[in-house]
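# Examining the three-dimensional arrangement
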Amino acid sequence: MKIFSKILALGLALSLGFALASCAVAQPEEEIEANKATSVEAEKDGGDTGNTKTDDSKVLVMATNAYFPPYEYYEGSEITGIDAEIAKAIAGKLGMELQIEDVEFDSIIAGVQSGKFDMGMAGMTVTEERQMSVNFSDPYATGIQVIIVKEDSAITDIDSLYDGDYLIGVQQGTTGDIYISEDIGDDAVIRYSKGNDAVLALVSGKVDAVVIDNEPAKAYVDANPGLKILETPYTVEDYAICFAKDNEELRDQVNGALKELTEDGTIAAIIEKYIPSNG
Ligand code: ARG
């Protein structure tokens, strides 16, 4: 069976009409680096252990990869987006102060496992393999893997990727990377540390397609004329927050907070703010 086994009618996701004007998408590299420095400086605990996590249990240290609009991205020097806002609301419920650390996506799980970060929240898909390394909270959002191509591309659906001799760009360590590597083959995959870099490689013709989550895909396509998202079958995934296996207590507390924030409409309102359901 091919990878995109859970097939839904395409209109569902694409009709969300998301049109976020994201600064992260078009931000020049120097500016991003400058932002990163400010943000990290402002957020580091200054301890001498080399660890990011502080000893102050009132601080909730969240690891993310802030190049994933609308879930996390920079607005000036601040990391904002759905995950940042939900995490802030969770920290509020727990009487804690949120500290966000921007790291490579594929280092989040190891950092959570080692206790460097209290939790990882990065539009992270729950997979069986990841569940062997970390515990996940209850899901708080849904993601879908889609394919971005140039408007005039010969690639029309997922099957074209199997048939042709194409290069496919992905963000390293993401489910897009894992699925495409397994099913199309390692040789077809070019890995980038940021999703935006994969999209820029598509624009400049270094890769023929990019496989990435649907909401960042929309932001990237909006920011780069000449690209489109294929109307093709895709996977549906759950996003959840990850925790160290030995920190079930925090996972349970966060689940409690998530439940309250779901019941009082806060989660839905945050998602609606960034992904308006009526265009
Ligand atoms: N949902 C995908 C995964 O979990 C991609 C997440 C990428 N997130 C990010 N903040 N860059 O593998």
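None of these values were measured; they are calculated from a predicted model. (Residues numbered from 1 in each chain as written. Predicted model: local features only at pLDDT ≥ 70, side-chain atom pairs only at ≥ 80, totals over all residues. Heavy atoms only, no water.)

So, about the side chain of Asn65. In this structure, Asn65 sits in the loop between β1 (59–64) and β2 (73–75). Side-chain polar atoms of Asn65 contact the side chain of Gln171, separated by 2.9 Å. (Helix = DSSP H or I, 4+ residues; strand = E, 2+ residues; numbered from the N terminus. Polar contact = N/O pair within 3.5 Å; in protein donor to acceptor, adjacent residues only side chain to side chain.)

For the rest of this paragraph, the subject is the nonpolar core. With 35 residues, the main nonpolar core has Ile86, Ile90, Met119, Met121, Tyr140, Ile241 and Leu258 as its most contacted residues. When contributions to this core are tallied by element, the ones reaching two or more residues are β1, β2, α4 (82–93), β4 (97–102), α11 (248–263) and α12 (266–274). Of all the elements, α4 adds the most residues to this core, at 7 residues. Among residues more than four places away in sequence, those in contact with Ile90 are Ile241, Val254, Ala257, Leu258 and Leu261. (Core = buried A, V, L, I, M, F, W, Y, C linked by side-chain atoms within 4.5 Å. Buried < 20%, exposed > 50% of the residue type's maximum accessible area, 1.4 Å probe, protein only. Contact = heavy atoms within 4.5 Å.)

Attention now moves to the pairing of β1. Taking burial as the measure, the 6 residues of β1 include 6 buried ones, the bulk of the element. Here β1 pairs with β4 via 6 bridges, running parallel. Looking at β4, one finds that Leu60 is bridged to Leu98. The pairing of β1 with strand β5 (residues 119–120) spans 2 bridges and is classified as parallel. Bridge pairing links Met62 to Met119 in β5. (Pairing = 2+ DSSP bridges.)

Let's shift gears to the site of the ligand. Around the ligand sit 14 residues in total, of which Ala122, Gly123, Thr125, Thr175 and Asp213 are the nearest. Between Thr125 and the ligand, the recorded distance is 2.8 Å, taken from a side-chain N or O atom to a nitrogen atom. In this structure, a nitrogen atom belonging to the ligand sits 2.6 Å away from a side-chain N or O atom of Asp213. The protein chains hide 100% of the 350 Å² of surface that the ligand would expose on its own. Within the shell around the ligand, the residues separate by chemical class into 5 nonpolar, 6 polar and 3 charged. (Near = heavy atom within 4 Å. Areas by Shrake-Rupley, 256 points an atom, 1.4 Å probe, with all protein chains shown as cover. Nonpolar A, V, L, I, M, F, W, Y, C, P; charged D, E, K, R; others polar.)

Taking 1.5 Å of rise per residue, 12 residues should cover 16 Å, and α4 covers 17 Å from first to last C-alpha, within 8% of that figure. The complete set of buried residues in α4 reads Ile82, Asp83, Ala84, Ile86, Ala87, Ala89, Ile90 and Ala91. On the buried face of α4, the contacting elements are β1, β3 (78–80), β4, β5, α11 and α12. (Expected span 1.5 Å × (residues − 1).)

The next thing to look at is the packing of α4 against α11. It is at 9 Å that the axes of α4 and α11 come closest, and there the two elements cross at 110 degrees. On the basis of their axis angle, the class for α4 and α11 is roughly perpendicular. Along its contact with α4, which presents Ile86, Ala89, Ile90 and Lys93, the element α11 presents Val254, Ala257, Leu258, Glu260 and Leu261. For the contact of α4 with α11, the residue count by class is 7 nonpolar, no polar and 2 charged. (Axes fitted to C-alpha atoms, helices over the stretch in contact; angles between N-to-C directions. Parallel < 35°, antiparallel > 145°, perpendicular 65-115°, else oblique.)

Applying the stated criterion to the full structure yields 4 aromatic pairs. Ring centres of Tyr71 and Tyr239 lie 5.1 Å apart, and the angle between their planes is 85 degrees; this geometry places the pair in the edge-to-face category. Of the two residues, Tyr71 sits in the loop between β1 and β2 while Tyr239 sits in strand β12 (residues 236–239), which places them 168 residues apart along the sequence. This pair shows no difference in class: Tyr71 is buried, exactly as Tyr239 is. Joined through ring pairs, the aromatic side chains of Phe68, Tyr71 and Tyr239 make up one cluster. Note that Lys194 overlies the ring of Tyr67, its terminal NZ or CZ placed 4.9 Å from the centroid. (Phe/Tyr/Trp six-rings, centres within 6.5 Å; stacked < 30°, edge-to-face > 60°. Lys NZ or Arg CZ within 6 Å of the ring centre and 35° of its normal.)

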